[in-house]
There are 2 protein chains.
Amino acid sequence: MPKLNETHDPQRRSWHAAANDAGTDFPIQNLPFGVFRRRGSDEVPRGGVAIGDAILDLASVHRAKLFEGKAAEAVAAASDTTLNRLMGLGAAHWSALRLAVSRLLAAGGADEAERRRLGQPCLVWMQDAELLLGAAVGDYTDFYASIFHATNVGKQLRPDNPLLPNYKWIPIGYHGRGSSLVVSGTKIRRPSGQLKLPDQDAPMVAPCRMLDYELEMGFFVGPGNGLGTTLTLDEAADRIFGFCLLNDWSARDIQAWEYAPLGPFLAKSLGTTLSPWIVTAEALAPFRAPSATRPAGDPQPLPYLTSARDAAEGGLDVILEAYLRTAQMQAENAAPHRLSRGNAQTVYWTVAQMLTHHASNGCNLNPGDLLGTGTISGPDKESWGSLIELTFRGRERIELPTGETRGFIEDGDEILFRARCERPGHVAIGFGECRGIVTPTA
Amino acid sequence: MPKLNETHDPQRRSWHAAANDAGTDFPIQNLPFGVFRRRGSDEVPRGGVAIGDAILDLASVHRAKLFEGKAAEAVAAASDTTLNRLMGLGAAHWSALRLAVSRLLAAGGADEAERRRLGQPCLVWMQDAELLLGAAVGDYTDFYASIFHATNVGKQLRPDNPLLPNYKWIPIGYHGRGSSLVVSGTKIRRPSGQLKLPDQDAPMVAPCRMLDYELEMGFFVGPGNGLGTTLTLDEAADRIFGFCLLNDWSARDIQAWEYAPLGPFLAKSLGTTLSPWIVTAEALAPFRAPSATRPAGDPQPLPYLTSARDAAEGGLDVILEAYLRTAQMQAENAAPHRLSRGNAQTVYWTVAQMLTHHASNGCNLNPGDLLGTGTISGPDKESWGSLIELTFRGRERIELPTGETRGFIEDGDEILFRARCERPGHVAIGFGECRGIVTPTA
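Keep in mind it's a predicted model, so treat the numbers as computed, not measured. (Residues numbered from 1 in each chain as written. Chains lettered and ligands numbered in written order. Predicted model: local features only at pLDDT ≥ 70, side-chain atom pairs only at ≥ 80, totals over all residues. Heavy atoms only, no water.)

Mapping between the two chain copies consists of a rotation about an axis together with a translation along that axis. With an RMSD of 0.0 Å, the fit of chain A onto chain B corresponds to turning through 180 degrees and sliding 0.0 Å along the axis. The two molecules are tied by a two-fold rotation axis, judged by turn and shift. Looking at the rotation axis and the C-alpha trace of chain A, the residue lying nearest is Gly263(A), at 2.1 Å. When you check the interface residues of chain A against chain B, 100% turn up at the interface there too, and the contact is symmetric in its surfaces. (Least-squares fit on C-alpha atoms with pLDDT ≥ 70 in both. Contact = heavy atoms within 4.5 Å.)

Here's what the structure looks like:
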């Protein structure tokens, strides 16, 4: 397991009481970063750290000169309108800032009252805040790292031979669209596009009929590499700033007609939703896991994708859930219906393997670049991370508690993702929500 | 033909004499935009306009308050370190700035001496300048719009059925990598990557053995569209700021092993070279052409990809040339060897069709976004825009005047692109050079 320090101490509590609630995603052991401003204000956005039901305003902390040394440098960078500069500073600065924030917010000790006196004016209620994207993403790359997802999708095209020959050798990925990344809560408009129906000779233009979600994790690059240089696996691991939830909304019918031979394009660039809180790599340290076990007979990764450290702790023990709330459920104030529950530990390629492979041709990555894992599906149907898998391309509709059924997403449906890390001996942490409601084609 | 004005007047000459040389790419009828600073200086980069062998420094023009109204607003925007803000202003501003620059630089008239007195201090010798990328490209998309290229490449995989069924319906494109866009002259390092040799069971990691260029045009988006909104074909045409040359360096062996099912990835993100001068859509007005003739039997484009204007002037009559200069040729100071000569008019989809299709799902495009046409190949071998076509995947090596031969690019080889527009009754304009030397794998 990666090295733990006092910020991971399960005994540590915060003087901000809501951070100590059993169910909170944001105890003092988490301390995820985001960018926010007060809702409805014209304030300049700045970095913040989630703590219980509040946000520690890092620009306020910076102005009040509460930190010193690397933590002061990091909190200055985090006062920008995006976290890109903080991401570029690297792990020593991130760690110093996390430690300083943890100490500022910690309960106990002789100086608790003083720390509370300094820290409390820097808190903003989360319910008063508008959350924005944490980074200006220069480039976004999406991978295809879940072998169960690749197998499920491949089976629909090639029942006898679902995985292509390169799958177990290459962390398959493709360049995604950066401009259409949006923060949780942004409405997603159903795209229109060219569809080719099986019984028609020619395509037509119509609203997408097979709109889907993809349950993914995203991760942000910290210090990058120059064009023409590469990263070892352990260097890559140290350059990952943190993680979020990612919904790679997908228009399956548009994709089926457009994707050969250059891959998905308009099927994906209709919008990609990110959860606003970035859970740092350091916060996830207690929840690392060995990389996924390769079944007997699978090739071992090539040397550039192999390290003892990655094998021991490359995996992420994160429970991932997808929920659906139809317009009727929203009207009835009913709880969302859970569609799936899986774990990121089942992913075939580790995040460090994805990043190392990405840079292996000399492609330069920059602070704030975003990588997605691809849909995370596990071995059992309960854990499949998209409707195309759960409904077998719409053929087996899901029955909902309201009596409604779904093959794909309908207008007015809201898709929500949640994620938690839970391990004995550690305080559970969560990712907050990643949500979006689908609105009709314009 | 699009509307012409005094800036296109073939009689107009400049008081800067080098702009009147017969062979120059940059007569007063061209006036392409770029970003520069004095070589070896720590000057702040700013916009400039090429005129003969010099650059009109737009920040100097702005400071000297030489322009009024929209031209003054536009030249202020063009004084930024990138042209993104100028691009976002839209066609009325671009046109006002072009007219003001043309008048400032024009010879003749009673006030020529006064205009020269004002303008000359704003000129910088091009040989003293370092040219940079003209825009901070938020997103880069590459198309596959030459049917001859798609057919040539398709034949190597599917001799009897080279074009996929969607080709004549969809301007096929994919999301490219923005971070690895570089300006002409930047060295390109040969990538290493996973290669799967035909006689091997497993892939290996090795330097690319099939490094290729792709001769393309790039074009920059001006005012964009919001997420969830679309563009008509004529709106799209009016939002294209200008054009450059683009070399989509391609590692064919890496691509062959990685590309299924999500498209090219590391085969492309090793570097993409852009020529520094952006020839505006307005400068190209005299060189527009009808969109490419569809052979009898080809489907007509769907309505969203059809307009009378696009049919009449969607094409680009631009002569495109690719050259190779080996290390031996450089040592002998020999002229580059021409590999191909083609014309952008042969491209199957127009640039407005590419942009309209891109936005047709509601994908948002932003000022400074870059679109590439894909390799431009014509019907005859002389006009094929990549080595994989010219050498039939390396099987028929090209013989060079030095006695050397080439299947693909070797270390030390320089690839150069040039482009010119030549029509009777008009002054010819050019694009400058797009060049890059390949260096060995690190």
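On to the sheet that holds strand β3 (residues 54-57) of chain B. All names here are of chain B. Reading across the sheet, the five strands line up as β4-β3-β2-β1-β5 and stay open at both edges, with antiparallel pairing between neighbours. Since the sheet does not close on itself, it has two edges, and those belong to β4 (123-125) and β5 (129-132), each with one partner. Averaged over neighbouring strand pairs, the angle between their axes works out to 50 degrees when direction is ignored. Relative to strand β2 (residues 46-51), strand β1 (residues 33-38) runs antiparallel, the two being bridged by four bridges. Bridge assignment links Phe 33 to a residue of β2, and that residue is Val 49. (Pairing = 2+ DSSP bridges. Helix = DSSP H or I, 4+ residues; strand = E, 2+ residues; numbered from the N terminus. Axes fitted to C-alpha atoms, helices over the stretch in contact; angles between N-to-C directions.)

Listed in full, the buried residues belonging to helix α6 (residues 147-157) of chain A are Ile147(A), His149(A), Ala150(A), Thr151(A), Asn152(A), Val153(A) and Gly154(A). In the core, the buried residues of α6(A) are packed alongside α12 (387-390) of chain A. (Buried < 20%, exposed > 50% of the residue type's maximum accessible area, 1.4 Å probe, protein only.)

Right, let's talk about the sheet that holds strand β2 (residues 46-51) of chain A for a bit. Hydrogen bonding along the main chain pairs the strands of a sheet, whether they run parallel or antiparallel. Residue and element names in this part refer to chain A. Pairing within the open sheet is antiparallel, and its five strands lie in the order β4-β3-β2-β1-β5. Edge positions in the sheet fall to β4 (123-125) and β5 (129-132), since each of these pairs with one other strand and no more. This sheet shows a mean twist of 50 degrees between the axes of neighbouring strands, independent of strand direction. Of the pairings in the sheet, the one linking strand β1 (residues 33-38) to β5 comprises four bridges and is antiparallel in character. Pairing of Phe 36 across the sheet is with Leu 131, part of β5. Across the sheet, helix α4 (residues 91-105) is in contact with β1, β2, β3 (54-57) and β4; its angle to β3 comes to roughly 120 degrees.

Once that is clear, we can look at the interface of chain A and chain B. Counting residues at the interface gives 53 residues for chain A and 53 residues for chain B. Between chain A and chain B, a total of about 5,100 Å² is buried, with carbon and sulfur atoms accounting for 62% of that surface. Summed over the three residues of chain A that lose the most area to chain B, namely His175(A), Leu262(A) and Phe265(A), the buried surface amounts to 17% of that side. In this structure, Asp369(B) and Arg177(A) form a salt bridge, with 2.7 Å as the shortest nitrogen-oxygen distance. If you look at where chain A meets chain B, you find 29 residue pairs in polar contact (both at pLDDT 80 or more). Elements represented by at least two residues in the side of chain A that touches chain B include exactly β6 (140-143), β7 (173-175), β10 (192-195), α8 (252-258) and α11 (351-359) of chain A. It is β7(A) that contributes the most residues to the side of chain A that touches chain B, three residues altogether. Looking at the side of chain A that touches chain B, its residues break down into 28 nonpolar, 20 polar and five charged. (Buried area = accessible area lost by both parts, 1.4 Å probe. Salt bridge = Lys/Arg side-chain N within 4 Å of Asp/Glu carboxyl O. Polar contact = N/O pair within 3.5 Å; in protein donor to acceptor, adjacent residues only side chain to side chain. Nonpolar A, V, L, I, M, F, W, Y, C, P; charged D, E, K, R; others polar.)

This brings us to the packing of helix α2 (residues 69-77) of chain B against helix α4 (residues 91-105) of chain B. Residues and elements named next belong to chain B. At a minimum axis distance of 8 Å, the contact between α2 and α4 shows a crossing angle of 95 degrees. One finds that α2 runs roughly perpendicular with respect to α4. Where α2 approaches α4, its residues Lys 70, Ala 71, Glu 73, Ala 74 and Val 75 are matched on the opposing element by Ala 92, His 93, Ala 96, Leu 97 and Ala 100. Considering only residue class, the contact of α2 with α4 consists of seven nonpolar, one polar and two charged. (Parallel < 35°, antiparallel > 145°, perpendicular 65-115°, else oblique.)

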